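Understanding the architecture of this molecule
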Amino acid sequence: MTWLAKRELAMTYTPAPRDPKQLPVRINLLSDTQTRPTPAMREAIARAEVGDEQIGDDPTVNLLCERVADLLGKEAAVFMPSGTMCNVAATLVHCRPGDEILAHETAHIIAREGGAHAALGGFQITPLPGADGQFSPATFRAALHPRSRYQPPQTVVSVEQTANIGGGTIWKKAALDEIVQIANSNGLATHMDGARLMNACVATGIGAREMAKGWDSAWIDFSKGLGAPVGAAIAGSREFIDEVWRWKQRLGGSMRQAGICAAACVHALDHHVDRLAEDHANARALARGLSQIRGIEVQQPETNLVFFSPDGAGVTGDDMVARLRQHGVLLAMMDGRIRACTHLDVTAAMIEETVGLVREIARSA
Ligand SMILES: Cc1ncc(COP(=O)(O)O)c(C=O)c1O
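Residues numbered from 1 in each chain as written. Predicted model: local features only at pLDDT ≥ 70, side-chain atom pairs only at ≥ 80, totals over all residues. Heavy atoms only, no water.

Looking now at the overall build of the protein chain. A count of helical and extended segments in the protein chain gives 15 helices and 13 strands. A globule of 365 residues ought to have a C-alpha radius of gyration of about 21 Å, and the protein chain, at 21 Å, matches this closely. Taken across its 365 residues, the protein chain has 53% of its residues classed as buried. Long-range contacts, defined here as pairs at least 24 residues apart, represent 74% of the contacts in the protein chain between residues at least 6 apart. (Helix = DSSP H or I, 4+ residues; strand = E, 2+ residues; numbered from the N terminus. Rg over C-alpha atoms; globule rule 2.2 N^0.38 Å. Buried < 20%, exposed > 50% of the residue type's maximum accessible area, 1.4 Å probe, protein only. Contact = heavy atoms within 4.5 Å.)

As C-alpha cells, this is what we get:
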C-alpha cells in the first residue's frame, strides 16, 4: 500500500448507513444532544428580539452573555455556536504553537474534536491517567516538568465537569480547588469544559459560580441536557473574552441574528436546569434495573450518563445496541461500553421499557 493510500485509509470516515427498513426511534438514549426544543422553547425563539450579534447589537445574545458571566462568576462571556468551539477558542487564547495542554486521557479535547487543537493551534495534549475520567491532583503535579528549553511550555490544564467518557462523573470541589492551586503556583492557566456542568451542579447542590471559582475559563453547553437546539457560552476575564472574540471571528463563529438561538438558551436557563434532577433519577433507575440483570455490568451513574457492558450475559455491546435498535431504542457504544444518556425527552416509562428489552435480549443470548 502506498503512503498516499494509507493516508486515504486513515482519513476515511464512513457514517453508518441509515437502514430504511429500521423502525423509527421511539426511545432515544443516544445522547442528551438529541433533545428537541419544547413548545415553550419554540415560543421563546419566536418572540426573540434580535440584532446583529457580530457587532454586539443582538439584545438576546447580550442578555444571555450577561446571565452566563454572572452564573459562572466571571467578568464576561461570549456566545458560541458549539462547545467544541469554546474548547478550541479557549486553547487558542491560552496557548502558543508548541505548548502543552494537560487533560484526562479520555477528554473530549483529545478524542472528539477532530484534532483541532493540534491542527489549528499546534498544541500537544498530554493525556493524564485516572479512574472515571478524572486525574488526581497528585497525577497532575507529577506530570509537571521544570521549565527548560527542551520541553514544551505547559500552559493549560483542562478538566471536564462532568467527565463524559468517565461515566458522567463529578469532579469533587476539593480536587478542582487543588488543581487550580497547583496550576496557579506553576504558571498554568485553568480551563473547565462544562458541557455538562449544570448536571454536576444540580446533582451536588454546588452552584456553577462555586464550581468554576478560580478557573480562568469555563463554559456551559445549551445543546445537551439543557435542551436548546444550538449554542454554548464561554466565560472568563474581560481580557480573555476579548481574545476569544477574535478567534470566534477568525473561525467564522461570529453570527448575525443569533438571538433566535440565544432565546432558547435563556429559556433553558430559566426552565431546564432544576429538572436535570429528573434525568439523574431516570439514570439511576436505569442503572438499578440493568444491574439486576445477570451478566450486565453497570457503572453507577452520578448524573445522566449510564455506561454498561453486556459481555457477561453473552452478548457483545455492538450486538446489544443493534438488537435494541430493532426495537426502536437508540444508544451507542462509546469507548468499549454502551452509553445510555437520559435527557428531557426520556421518561421513566421509557427507562422501564428499555430495562425490559435488555433483560429479554440477555435472556435469549
Ligand atoms: C465533555 C464534552 N466536551 C465538549 C463537547 C462538545 O460540545 P458540542 O457538541 O456542543 O460541540 C461535548 C459534546 O458531547 C462533550 O461531551
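Alright, that's what it looks like, and here's the rest.
We now examine the packing of aromatic side chains. Within a pair of aromatic rings, the relevant descriptors are the distance that separates the centres and the angle that separates the planes. All told, the structure shown has two aromatic pairs when counted by the stated rule. Taking the centre distance of 5.0 Å and the plane angle of 75° together, the rings of Phe 135 and Trp 171 count as edge-to-face. Of the two residues, Phe 135 is situated in the loop between strand E4 (124-128) and helix H7 (137-143) and Trp 171 in the loop between strand E5 (154-160) and helix H8 (173-185); the sequence distance between them amounts to 36 residues. Look at Phe 135 and you get buried, because its relative accessible area is 2%. Joined through ring pairs, the aromatic side chains of Phe 135, Phe 140 and Trp 171 make up one cluster. Lying across the ring of Tyr 150, Arg 149 places its NZ or CZ 5.8 Å from the centre. Its guanidinium or amino end placed over the ring of Trp 245, Lys 248 lies 4.6 Å from that ring's centre, counting from NZ or CZ. (Phe/Tyr/Trp six-rings, centres within 6.5 Å; stacked < 30°, edge-to-face > 60°. Lys NZ or Arg CZ within 6 Å of the ring centre and 35° of its normal.)

What follows deals with the environment of Leu 64. In this fold, Leu 64 is placed in helix H3 (residues 59-72). Separated by 219 residues in the primary sequence, Leu 64 and Ala 283 have C-alpha atoms spaced 29 Å apart. With sequence-adjacent residues up to four places away left out, Leu 64 is seen in contact with Phe 79, Phe 222, Ala 262, Cys 265, Val 266 and Leu 269.

What follows concerns the pairing of strand E10 (residues 305-309). A large share of E10 lies buried, amounting to five of its five residues. Of the two faces of E10, the one holding Leu 305, Phe 307 and Ser 309 and the one holding Val 306 and Phe 308 are both buried throughout. Where strand E9 (residues 297-298) and E10 come together, two bridges link them in antiparallel fashion. Within E10, the position partnered with Val 298 by the bridge is Phe 308. With four bridges connecting them, E10 and strand E13 (residues 337-341) associate as antiparallel partners. In the strand pairing of E13, Phe 307 is matched with Arg 339. (Pairing = 2+ DSSP bridges.)

Here the focus is the nonpolar core. Counting 53 residues, the largest nonpolar core has Leu 64, Val 68, Leu 72, Phe 79, Phe 140 and Phe 222 as its most contacted members. Here Val 68 is in contact with Ala 77, Ile 220, Phe 222, Ala 233 and Leu 269, once residues within four sequence places are set aside. (Core = buried A, V, L, I, M, F, W, Y, C linked by side-chain atoms within 4.5 Å.)

Turning our attention to helix H13 (residues 276-291). Taking 1.5 Å as the rise per residue, H13 with 16 residues should run 22 Å; its terminal C-alpha atoms sit 23 Å apart, in good agreement. For H13, every residue scored as buried is listed here: Leu 276, Asp 279, His 280, Asn 282, Ala 283, Leu 286, Ala 287, Gly 289 and Leu 290. (Expected span 1.5 Å × (residues − 1).)

This part covers the sheet that holds E9. One open sheet holds the four strands; their spatial order is E9-E10-E13-E12, and the pairing between them is antiparallel. The strands lining the two open edges of the sheet, one partner per strand, are E9 and strand E12 (332-334). Across the face of the sheet, H13 comes into contact with E9, E10 and E13 while running at roughly 15° to E10. Strands E12 and E13 of the sheet are contacted by helix H14 (residues 317-326), whose axis makes an angle of about 155° with E12. (Axes fitted to C-alpha atoms, helices over the stretch in contact; angles between N-to-C directions.)

For the rest of this paragraph, the subject is the pattern of salt bridges. For the structure on display, the rule yields 13 salt bridges. Two residues, Arg 67 and Asp 270, come together in a salt bridge whose shortest N-O distance is 2.8 Å. With a gap of 203 residues between them, Arg 67 in helix H3 and Asp 270 in helix H12 (residues 259-271) connect regions that are remote in the sequence. In this structure, Arg 275 engages Glu 278 in a salt bridge whose closest nitrogen and oxygen atoms are separated by 4.0 Å. Arg 275 gets classed as buried once you look at its relative accessible area, which sits at 13%. By relative accessible area, which is 48% here, Glu 278 ends up partly exposed. Through salt bridges with shared partners, a single ionic network connects Arg 275, Glu 278 and Asp 279. (Salt bridge = Lys/Arg side-chain N within 4 Å of Asp/Glu carboxyl O.)

Near the ligand there are 15 residues, and of these Gly 83, Thr 84, Asp 193, Asp 221 and Lys 224 occur at the shortest range. With respect to the ligand, the side chain of Asp 221 contributes an N or O atom lying 2.8 Å from an oxygen atom. When isolated, the ligand has an accessible area of 380 Å², and the protein chains bury 85% of it. Elements supplying a minimum of two residues to the shell around the ligand: helix H4 (83-94) and strand E7 (217-221). Taken together, the residues that form the shell around the ligand break down as two nonpolar, seven polar and six charged. (Near = heavy atom within 4 Å. Polar contact = N/O pair within 3.5 Å; in protein donor to acceptor, adjacent residues only side chain to side chain. Areas by Shrake-Rupley, 256 points an atom, 1.4 Å probe, with all protein chains shown as cover. Nonpolar A, V, L, I, M, F, W, Y, C, P; charged D, E, K, R; others polar.)

Moving on, we get to the sheet that holds strand E8 (residues 232-236). Here we have seven strands laid out as an open sheet, ordered E2-E8-E7-E6-E5-E3-E4, and mixed in their pairing. Looking at which strands have only one partner, the edges of the open sheet turn out to be strand E2 (76-80) and E4. Neighbour-to-neighbour, the strand axes of the sheet open up by a mean angle of 20°, direction not taken into account. Sheet analysis places E7 next to E8, joined by five bridges and oriented antiparallel. Within E8, the residue paired with Ile 220 across the bridge is Ala 233.

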